[in-house]
Amino acid sequence: MVKICCIGAGYVGGPTMAVIALKCPSVEVAVVDISVPRINAWNSDQLPIYEPGLDDVVKECRGRNLFFSTDVEKHVSEADIVFVSVNTPTKTQGLGAGKAADLTYWESAARVIADVSKSNKIVVEKSTVPVKTAEAIEKILTHNSKGIKFQILSNPEFLAEGTAIKDLFNPDRVLIGGRETPEGQKAIQALKDVYAHWVPEDRILTTNLWSAELSKLAANAFLAQRISSVNAMSALCEATGANISQVAYAVGTDSRIGPKFLNGSVGFGGSCFQKDILNLVYICECNGLPEVAEYWKQVIKINDYQKSRFVNRVVASMFNTVSSKKIAILGFAFKKDTGDTRETPAIDVCKGLLGDKARLSIYDPQVTEDQIQRDLTMKKFDWDHPLHLQPMSPTTVKQVTVVWDAYEATKDAHGICILTEWDEFKSLDYQRIYEGMQKPAFVFDGRNIVDAEKLREIGFIVYAIGKPLDAWLKDMPAIA
Ligand SMILES: NC(=O)C1=CN([C@@H]2O[C@H](COP(=O)(O)OP(=O)(O)OC[C@H]3O[C@@H](n4cnc5c(N)ncnc54)[C@H](O)[C@@H]3O)[C@@H](O)[C@H]2O)C=CC1
Ligand SMILES: O=C(O)[C@H]1O[C@H](OP(=O)(O)OP(=O)(O)OC[C@H]2O[C@@H](n3ccc(=O)[nH]c3=O)[C@H](O)[C@@H]2O)[C@H](O)[C@@H](O)[C@@H]1O
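These figures come from a predicted structure and were not determined experimentally. (Residues numbered from 1 in each chain as written. Chains lettered and ligands numbered in written order. Predicted model: local features only at pLDDT ≥ 70, side-chain atom pairs only at ≥ 80, totals over all residues. Heavy atoms only, no water.)

Draft legend 1. Representation of helix H11 (residues 273-286) in the model. Between its terminal C-alpha atoms H11 stretches 20 Å, which fits the 20 Å expected from 14 residues at 1.5 Å a residue. For H11, a buried count of 12 out of 14 residues is recorded, marking the element as mostly surrounded by other parts of the structure. Among the structural elements, helix H9 (209-240) and helix H12 (290-317) are those in contact with the buried residues of H11. Phi for Gly288, located one or two positions after H11, is positive at around 70 degrees. (Helix = DSSP H or I, 4+ residues; strand = E, 2+ residues; numbered from the N terminus. Expected span 1.5 Å × (residues − 1). Buried < 20%, exposed > 50% of the residue type's maximum accessible area, 1.4 Å probe, protein only. Contact = heavy atoms within 4.5 Å.)

Here's what the structure looks like:
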């Protein structure tokens, strides 16, 4: 029986391994992590991450051929294939701080593999890493091993949160990069055999190591670039009276461009787009390509611009001050169907409003008060370290309350900011909400999910990203 061990039981390691266990009953899969609470949660009824469909997959396999454990050494030493799916956050200190990927967790995982291995192994990079990481890992493994042979493969993950199980069941492609030697090709074939249990052969792409590593960074950069492109257009739409949904539809019907991923928004978030582009920028700079670095940097600059533009709209339209005004924040997660808040645009928007002394009442169906308080007090990039290594939040932001209902959040509020596209925000009773609010009552839709015309009929002043502006907003220009 093939034995797989995955180091890192996070958003990628957990769901990916659960699906491998489901689709390959003849393979034994152990997911290990240094975080005891995380492993305990994987072994309980309350999984550590919210992901539609994940509970059912875990329930079916856990205890059969899927195991979660903190005994990293035991499971690594027994495995034929070791996936490494630890976090690779942006460095906060030292060389490359604020840009380069922090490979501390990766390196410590590689050292454990080198220390405890007693048989040859295939080591699979599942984390997103800088190009050429495999070479560094090879050095750690070969310098510390006692004649044991390791083959390194790059097998980046393309799942998106909120649709992870769907994406894993039916991936656009699985990418496997390896050495172009007979041993390298044999390792590629062994990993291909695992995926071939459910992924059609023509969707399993094989490349050399560096192409696989770079393709992952490139894919995220292209996806984020689309959002920054549409968001840049949204600013121009507001200035000219064009409508971003109509423009995006007209552009996306060109089959060379395609309709997906063209929704204007308050900005992209999530643990990876910004981190991976910063990493790409750093690699370009290190390779003497400042023009290429500058090109990709712009994707992040537009994203930051979009978030501050949104805050400025809110403040400008409420008579240039939100001091002591209650603003309801609907949605804090970086997208719907996840409780993940890493790099969520809500953090920047809330901080911007707090900077103007607003009082915030926040509601998100999946994010806890503790998480929101941590996010609003944590330093940049700290959120991507394992929870037990994050600094404890000694202070709470007093002007913030977290409530468990959208109606409670909006009661007596002066304005509402919709920051996550949760479906339930589309069908709220906005008439009831309007009646309970201060007047004039504002809705700032950062996700274009409400029916702005209906809300205007109720009496709201509505701002929606990239849509023609209300007369009120036209009279109150926001300088970003
Ligand atoms: N979150 C996502 O949707 C996607 C993430 N990725 C990439 O996958 C990687 C992992 O991301 P996430 O799963 O989101 O991170 P995560 O933070 O949810 O999980 C990483 C886990 O690794 C554990 N860990 C760290 N060092 C360890 C060690 N030495 N031994 C054992 N466990 C260790 C941590 O305790 C943590 O539980 C990152 O490189 C990310 O860029 C790729 C595609 C999608
Ligand atoms: O490497 C990763 O971590 C993953 O990053 C993204 O997945 P994820 O961040 O989970 O979610 P997305 O659906 O890509 O959304 C990212 C952000 O962009 C925003 N977005 C997305 C689409 C769009 O049209 N407009 C828009 O603003 C979302 O609201 C969200 O804040 C990629 O889609 C995955 O392929 C990749 O594996």
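Draft legend 2. Representation of the packing of aromatic side chains. Applying the stated criterion across every chain yields a total of 14 aromatic pairs. Here the aromatic rings of Tyr195 and Trp198 are separated by 5.7 Å at their centres, their planes lie at 50 degrees, and the arrangement is tilted. Accessibility classification places Tyr195 together with Trp198 in one group, the buried group. Aromatic ring contacts, followed pair by pair, group Phe310, Phe319, Phe442, Phe444, Tyr463 and Trp472 into a single cluster. The cationic tip of Lys23 hangs over the ring face of Phe169; the distance from NZ or CZ to the ring centre is 4.3 Å. Taking NZ or CZ as reference, Lys439 lies 4.7 Å from the ring centre of Tyr434, over its face. (Phe/Tyr/Trp six-rings, centres within 6.5 Å; stacked < 30°, edge-to-face > 60°. Lys NZ or Arg CZ within 6 Å of the ring centre and 35° of its normal.)

Draft legend 3. Focus on the domain arrangement of the chain. Considered domain by domain, the chain is made up of domain 1 (3-199) and domain 2 (242-474). Contact with domain 1, which involves 25 residues of that partner, is made by 26 residues of domain 2. At the boundary of domain 1 with domain 2, total buried surface from both sides reaches about 2100 Å², with 55% on carbon and sulfur atoms. Across the contact surface, domain 1 and domain 2 share 2 salt bridges. In this structure, Glu285 engages Lys99 in a salt bridge whose closest nitrogen and oxygen atoms are separated by 2.8 Å. Between the two partners, domain 1 and domain 2, sit 6 residue pairs in polar contact (both at pLDDT 80 or more). (Domains from an automatic or database assignment. Buried area = accessible area lost by both parts, 1.4 Å probe. Salt bridge = Lys/Arg side-chain N within 4 Å of Asp/Glu carboxyl O. Polar contact = N/O pair within 3.5 Å; in protein donor to acceptor, adjacent residues only side chain to side chain.)

Draft legend 4. Summary view of the pattern of salt bridges. If you walk through the whole model with that rule in mind, you get 23 salt bridges. Between Arg309 and Glu238 there is a salt bridge; the shortest N-O distance is 2.7 Å. Here the residue Arg309 occupies a position in helix H12, and Glu238 occupies one in helix H9, the gap between them amounting to 71 residues. The closest approach of N and O atoms between Asp340 and Arg342, which form a salt bridge, is 3.0 Å. The exposure class assigned to Arg342 is buried, which follows from its relative accessible area of 16%. Salt bridges here are not isolated pairs; linked through shared partners, they connect Lys99, Glu285, Glu294, Lys297 and Lys301.

Draft legend 5. Looking closely at the site of ligand 1. Neighbouring residues of ligand 1: 26 residues in total, closest Asp33, Arg38, Thr88, Glu161 and Lys275. Within the contact set of ligand 1, an oxygen atom lies 2.6 Å away from a side-chain nitrogen or oxygen of Asp33. Ile34 has a polar backbone atom sitting 3.4 Å from a nitrogen atom of ligand 1. Expressed as a share of its isolated accessible area of 830 Å², the protein-covered part of ligand 1 is 95%. The element best represented in the shell around ligand 1 is helix H5 (residues 104-116), accounting for 3 residues. Counted by class, the shell around ligand 1 contains 10 nonpolar, 9 polar and 7 charged residues. (Near = heavy atom within 4 Å. Areas by Shrake-Rupley, 256 points an atom, 1.4 Å probe, with all protein chains shown as cover. Nonpolar A, V, L, I, M, F, W, Y, C, P; charged D, E, K, R; others polar.)

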